[in-house]
Amino acid sequence: MEIKEAIKIRITELCNEKSITIYELGRLSGIRATTIYSIIDGKSNNPSIVSITKICEGLNISVREFFDDELFNSVD
């Protein structure tokens, strides 16, 4: 699995766990929802660590918690 695919899945999982929409995540993280949708839709080939950090802030988790998932064990 590619890193961008794992990131996409992880964002979706976390939003589902916290019962928030992508639009709400954008509002909470201070990032445009379109940017998050670009990551999820695969249009963003290389999501920046700044974007991921802001997404984590919106989810109220650390970057370590974001990447501390089995999904990232199988990244190519």
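This text goes with the structure placed above it.
Remember, predicted model here, so these are calculated numbers, not experimental data. (Residues numbered from 1 in each chain as written. Predicted model: local features only at pLDDT ≥ 70, side-chain atom pairs only at ≥ 80, totals over all residues. Heavy atoms only, no water.)

> I keep staring at the overall build of the protein chain and nothing clicks. Help me out?
In terms of helices and strands, the protein chain carries five helices and zero strands. Traced from its N-terminal end to its C-terminal end, the protein chain shows the element sequence α-α-α-α-α. Taking 76 residues into account, the globule formula puts the C-alpha radius of gyration at 11 Å, and the protein chain, at 11 Å, falls close to it. Counting all 76 residues of the protein chain, 37% fall into the buried class. Taking as baseline every contact in the protein chain between residues at least 6 positions apart, the subset at least 24 positions apart corresponds to 61%. Carbon and sulfur atoms provide 46% of the accessible area of the protein chain, an area that totals close to 4,800 Å². Taken as two groups, the 9 positive and 12 negative side-chain charges of the protein chain have centres that lie 9 Å from each other. (Helix = DSSP H or I, 4+ residues; strand = E, 2+ residues; numbered from the N terminus. Rg over C-alpha atoms; globule rule 2.2 N^0.38 Å. Buried < 20%, exposed > 50% of the residue type's maximum accessible area, 1.4 Å probe, protein only. Contact = heavy atoms within 4.5 Å. Areas by Shrake-Rupley, 256 points an atom, 1.4 Å probe, with all protein chains shown as cover. Lys, Arg positive; Asp, Glu negative; His and termini not counted. Charge placed at Lys NZ, Arg CZ, Asp CG, Glu CD.)

> I keep staring at the packing of aromatic side chains and nothing clicks. Help me out?
Between two aromatic rings, the relevant description is the distance of the centres plus the angle of the planes. For the coordinates displayed, the defined rule picks out three aromatic pairs. With 6.0 Å between their ring centres and 45° between their planes, F66 and F72 make a pair best called tilted. A connected cluster of aromatic rings, assembled from ring pairs, spans F66, F67 and F72. (Phe/Tyr/Trp six-rings, centres within 6.5 Å; stacked < 30°, edge-to-face > 60°.)

> How do you make sense of the environment of L71 when you look at a structure like this?
Mapped onto the elements of the fold, L71 is located in the segment after helix 5 (63-67). On the basis of relative accessible area, L71 is assigned to the buried category, the value being 13%. In this structure, the C-alpha to C-alpha distance between L71 and I7, residues 64 residues apart in sequence, is 8.6 Å.

> Would you take a moment to explain unusual backbone geometry for this structure?
Glycine aside, a negative phi is what most residues show, and trans is what most peptide bonds show. Even without glycine at this site, S19 takes up a positive phi of about 55°. The topology assignment puts S19 in the loop between helix 1 (3-18) and helix 2 (22-29). Looking at S19, the relative accessible area reads 65%, which means it is exposed.

> Even after reading the chapter, I still don't get the state of the cysteines, so can you show me in this structure?
As used here, a disulfide is simply a covalent bond connecting the sulfur atoms of two cysteines. In this structure the tally under the stated criterion is zero disulfides. For the unlinked cysteine C15, the closest cysteine sulfur is that of C56, found at 11 Å. (Disulfide = S-S within 2.5 Å.)

Read these as layout, nothing more, since geometry by itself doesn't imply function.
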